[in-house]
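Summary of structural features
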Amino acid sequence: MLDLKRLRVLAEVARQGSFSAAADALYLSQSAVSQQVATLEKEVGMPLLERTRNGPKLNDAGRVLVCHAEAALARLEEAEHELKAIAGLEGGELRIASFPSASATLLTEALAQFGGRHPEVRLTVTEAEPEQSLPRLRAAEVDLAIVFDYPMLSSQADERDIERALLLTESMYLALPKSHPLAKAKAVRLADLADEAWLCGVCPSSCGDVVKQACREAGFDPRIGFESDEYQVLQAYVAAGLGFTLLPDLALPALHSDLVVRPTKPEAPKRQVWAATRGEGARSAATDAMVAVLREVGERFADQSALATAA
């Protein structure tokens, strides 16, 4: 493959009309310019310049080569410009994966804020649970993954090359119909619902384990009636009297009109929400900027949730 640096030298010699002028333009010595051209001619196996009294002139082979070289150099300069634009948040794409309740709350606000600050960055979002989004992040199929975990129930295993920024620590609340006798209680003893049906998620990272753990800490193994990974579906089941479940803070803005939520006794495990990225040096400036926006939004959401709970 031909060396683009030597092609740049040849093009400059043709443009300037002399080796010395090309050397000045390229900040090289004249001998270095002559050597680069001679090496290039050796590589292609034929002369590229005619050495005349009026200076070097491109022959037919030289004109063909310089024509293609200028096109290649122009594309490289364009690529360099695009890379600088991406680094400066003036272009490029940011690919995000997020679980549904975060997409409808934290991420929606963050996308609007980020788009206002960096309109040249193209944003794409796919929905995925943590067990799907983290492998995609490691494989560079997405640039940022919004994930969650329950510290009491799981550990962050195999976190090599992954960095996390905490966005929110959520409380879990018991969801029950407004017509239920316990709906007026300030907090509900889970043991009072030991004989009732319970609802939970299916995926390993969903609310399934946290419902079971909370009930076991209250002294009983829950009888699981129905399962769904969609909080809206679980809420509809609760409203229909089909059982009880636990909901996190992020699910409360879309709370079913026939439901109320109450703190539990004992307190249910907390849920942590994270922005996960690849390690420094393997992520873009746009990724870091979005993490910063997500942290701002998470702090505001936590403050609003605290005020709503206190009220």
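What counts, and where the lines are drawn
- Residues numbered from 1 in each chain as written.
- Predicted model: local features only at pLDDT ≥ 70, side-chain atom pairs only at ≥ 80, totals over all residues.
- Heavy atoms only, no water.
- Pairing = 2+ DSSP bridges.
- Helix = DSSP H or I, 4+ residues; strand = E, 2+ residues; numbered from the N terminus.
- Axes fitted to C-alpha atoms, helices over the stretch in contact; angles between N-to-C directions.
- Contact = heavy atoms within 4.5 Å.
- Core = buried A, V, L, I, M, F, W, Y, C linked by side-chain atoms within 4.5 Å.
- Buried < 20%, exposed > 50% of the residue type's maximum accessible area, 1.4 Å probe, protein only.
- Parallel < 35°, antiparallel > 145°, perpendicular 65-115°, else oblique.
- Left-handed = near helix turned anticlockwise from the far one by under 90°.
- Nonpolar A, V, L, I, M, F, W, Y, C, P; charged D, E, K, R; others polar.
- Phe/Tyr/Trp six-rings, centres within 6.5 Å; stacked < 30°, edge-to-face > 60°.
- Lys NZ or Arg CZ within 6 Å of the ring centre and 35° of its normal.
- pLDDT = per-residue confidence, 0-100.

Thoughts on the sheet that holds strand β5 (residues 144–149)
- Overall, mixed pairing links the 5 strands, which are arranged β4-β3-β5-β14-β6 in an open sheet. Edge positions in the open sheet fall to β4 (122–127) and β6 (162–170), since each of these has one partner strand only. With strand direction ignored, the average angle separating the axes of adjacent strands in the sheet is 20°.
- Judged from the 6 bridges that link them, β5 and strand β14 (residues 271–278) form a sheet pairing that is antiparallel. Residue D149 lies in a different strand from β14, and its bridge partner there is Q272.
- Sheet strands in contact with helix α6 (residues 130–138) are β3 (93–98), β4, β5, β6 and β14, and its direction is about 145° off that of β5.

A few points about the nonpolar core
- Of all hydrophobic cores here, the largest spans 57 residues; its most connected members are I146, L174, W198, V273 and L294.
- With residues up to four places along the chain from it excluded, the contact list for I146 reads A97, S98, F99, A102, L107, L167, V273, W274 and L294.
- The next biggest cluster of nonpolar side chains, apart from the first, holds 17 residues, and it includes F19, A22, A23 and L65.

Quick notes on the side chain of T105
- Looking at the secondary structure, you find T105 in helix α5 (residues 100–117).
- Taking the relative accessible area as the measure of exposure, T105 reaches 13% and is therefore buried.

Focus: the packing of helix α1 (residues 4–16) against helix α3 (residues 30–44)
- Between α1 and α3, the least distance of the axes is 9 Å, while the angle of their chain directions is 115°. Taken together, the axis directions place α1 and α3 in an arrangement best described as roughly perpendicular. Pair α1 / α3 crosses with left-handed handedness. Each of R6, L7, V9, L10 and V13 in α1 lies in contact with α3, whose residues at this interface are V33, Q36, V37, T39, L40 and E43.
- Looking at the contact of α1 with α3 residue by residue, the class counts come to 7 nonpolar, 2 polar and 2 charged.

Some details on the sheet that holds strand β7 (residues 172–177)
- If you walk across this open sheet you meet the 3 strands as β11-β7-β12, and the pairing is antiparallel. The sheet is open, and its two borders are formed by β11 (245–248) and β12 (259–262), each paired with just one other strand. The sheet shows a mean angle of 45° between the axes of neighbouring strands, direction not considered.
- Pairing analysis gives 4 bridges linking β7 to β11, with the strands arranged antiparallel. The partner of L174 across the bridge, within β11, is L246.

Notes on the packing of aromatic side chains
- Inspection of the entire model under this criterion finds 5 aromatic pairs.
- Both rings, one in F99 and one in F148, keep their centres 4.7 Å apart while their planes meet at 75°; by these two values the pair is edge-to-face. Taken together, the positions of F99 in the loop between β3 and α5 and F148 in strand β5 put the pair 49 residues apart, joining distant regions of the chain.
- Between F148 and Y150, the aromatic rings sit 6.0 Å apart at their centres with planes inclined by 75°, giving edge-to-face as the arrangement.
- Under the relative-accessibility criterion, Y150 is labelled buried at 5%.
- The structure contains a cluster of three or more aromatic residues connected by ring pairs, namely F99, F148 and Y150.
- Seen from the ring of F148, R271 lies directly overhead, with NZ or CZ sitting 4.4 Å from the centre.

Side note on the confidence of the model for the protein
- Averaged over all residues, the pLDDT of the protein is 88; the fraction at 70 or higher stands at 93%.
- Mean pLDDT across the elements of the protein ranges from a minimum in helix α4 (residues 60–87), with 79, to a maximum in strand β8 (residues 188–189), with 96.

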